[in-house]
Amino acid sequence: MRVRIVCGDCAPELGRFIHAYVGNVCRGIVAALRVEPPTESILLEVEGDAVSLQVDGRPVSLDENRGFAAVIVRDTVRGMTGRLKGIVPGAAIRIRVDLARGE
């Protein structure tokens, strides 16, 4: 599994713990949304209040329960990245998780 976080022009270097933590949280979000498990990639983007999620290149709706899923995902992403060096509070964040086959 490979994880990359981008905030503006910054792509902070991730230590082993943060790399595994962010990757596994993203996989947990997908599982909680009852989406078919990813085989290739997860892409999560947060900009302002807007949240988008793609699994293996396919968009996933976060409008369930009147947008509650989007709020939880947004707050989770902001919370787990907010203390990382190079992350600007409130700025757009893009997380890409590339998965190896069978992982």
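All values derive from a computational prediction rather than experimental measurement. (Residues numbered from 1 in each chain as written. Predicted model: local features only at pLDDT ≥ 70, side-chain atom pairs only at ≥ 80, totals over all residues. Heavy atoms only, no water.)

A. Summary view of the state of the cysteines. Counted under the stated rule, the structure contains 0 disulfides. You can see cysteine 10 has no disulfide; the closest cysteine sulfur is in cysteine 7, sitting 6.8 Å from it. Owing to a relative accessible area of 27%, cysteine 10 belongs among the partly exposed residues under this scheme. No disulfide involves cysteine 26; its nearest neighbouring cysteine sulfur is the one of cysteine 7, lying 15 Å away. When its relative accessible area of 1% is taken as the criterion, cysteine 26 is described as buried. (Disulfide = S-S within 2.5 Å. Buried < 20%, exposed > 50% of the residue type's maximum accessible area, 1.4 Å probe, protein only.)

B. Region of the structure containing the pairing of strand β3 (residues 50-55). Here β3 shows a clear split, with Val51, Leu53 and Val55 buried on one side and none of Ala50, Ser52 and Gln54 buried on the other. Examined bridge by bridge, strand β2 (residues 41-47) and β3 share 6 bridges and lie antiparallel to one another. The partner of leucine 43 across the bridge, within β3, is glutamine 54. Joining the antiparallel neighbours β2 and β3 is a turn of 2 residues, in which glycine 48 adopts a positive phi near 65°. By the bridge criterion, 3 bridges tie β3 to strand β4 (residues 58-60) in an arrangement that is antiparallel. Considered in β4, the bridge of valine 55 is made with arginine 58. Between β3 and β4, which follow one another and run antiparallel, lie 2 residues, and aspartate 56 among them has a positive phi close to 55°. (Helix = DSSP H or I, 4+ residues; strand = E, 2+ residues; numbered from the N terminus. Pairing = 2+ DSSP bridges.)

C. Quick peek at the pairing of strand β1 (residues 2-7). Burial of the side chains of β1 is restricted to one face: Val3, Ile5 and Cys7 are buried, whereas none of Arg2, Arg4 and Val6 on the reverse face is. Inspection of the sheet shows β1 paired to strand β5 (residues 93-98) by 6 bridges, in the antiparallel sense. Residue pairing across strands places valine 6 opposite arginine 94, the latter belonging to β5.

D. Summary view of helix α1 (residues 16-32). The end-to-end C-alpha separation of α1 is 24 Å, in line with the 24 Å expected for 17 residues at 1.5 Å each. For α1, every residue scored as buried is listed here: Val22, Gly23, Val25, Cys26, Ile29 and Val30. Down the axis of α1, the sector holding all buried residues measures 160°, keeping them to one side. Those residues of α1 that are exposed and angled more than 90 degrees off the buried face are Arg16, Phe17, Ala31 and Ala32. (Expected span 1.5 Å × (residues − 1). Arc of directions from axis to C-beta.)

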